[in-house]
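Chain and residue survey
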Amino acid sequence: MRFSVPLRRAYKLINHGPTTLITSASGGRRNVMTAAWVMAVDFDPAKIVAVIAAETYTRELIEASGEFVVNVPTAKMIDAVYAAGQVSGEDVDKLTTLALATSPASIVGAPLVEGCAAWLECKVVPEPHMQERYDLFVGDVVAAWADDTSFVDGVWRFPRDEDRTLHHLSSGTFVASGDIVKAKS
């Protein structure tokens, strides 16, 4: 079951560096793309940054709508995660083609991808220089959600291997997040 995460703690949903699925929507069209370069940059107010290349259809939709969702997929979604990064969504609805079920977000127009471990609804913070020169999009996190079986008491705890998040290495090779280890106090 999905539960709301306080925005001040939203950074915990992506600070372990997972591969993400970025969803976008505008003018009745929607899209999904795989993004490995997404990170938290502030926690109060919650902000993230994502690299979204100029030639992507996702970027076109984000620039038109001013919003997007960062979805944190699980290992059981690996084939769809890889495939989402291989083709453009300009001519095909990748969410439908990849059989990714969606649900409406609570604040933004881009959909949430079902089956993920976490979701961050974002509104773009206009930074034209960074967007144009570095393909960096800053997002104000306006709502954050996590799956209650994997994110417990503010910490990732993956009950099954298929629930672990993915970390892209290259060429379709991923690592699933590992066991929790703690430093000595």
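Whatever comes next refers back to the structure up there.
In this report, the structure presented in the accompanying data block is examined. Computed from a prediction, not measured in an experiment: that's the story for all the values here. (Residues numbered from 1 in each chain as written. Predicted model: local features only at pLDDT ≥ 70, side-chain atom pairs only at ≥ 80, totals over all residues. Heavy atoms only, no water.)

A look at the packing of aromatic side chains
- Per the stated rule, a full pass over the model turns up three aromatic pairs.
- On the basis of an interplanar angle of 50° and a centroid distance of 6.0 Å, the ring pair of Tyr11 and Phe43 is categorised as tilted. Here Tyr11 is found in the loop between β1 (2-4) and β2 (20-26), whereas its partner Phe43 is found in strand β4 (residues 38-43), with 32 residues between them in sequence.
- A centroid spacing of 4.9 Å and a plane angle of 65° characterise the contact between Phe151 and Trp156, whose relative ring orientation is edge-to-face.
- When its relative accessible area of 5% is taken as the criterion, Phe151 is described as buried.
- Ring pairing ties together the aromatic residues Phe151, Trp156 and Phe158, which thus form one cluster.
- Here Arg2 stacks its cationic end above the ring of Trp119, 4.4 Å away from the centre of that ring. (Phe/Tyr/Trp six-rings, centres within 6.5 Å; stacked < 30°, edge-to-face > 60°. Helix = DSSP H or I, 4+ residues; strand = E, 2+ residues; numbered from the N terminus. Buried < 20%, exposed > 50% of the residue type's maximum accessible area, 1.4 Å probe, protein only. Lys NZ or Arg CZ within 6 Å of the ring centre and 35° of its normal.)

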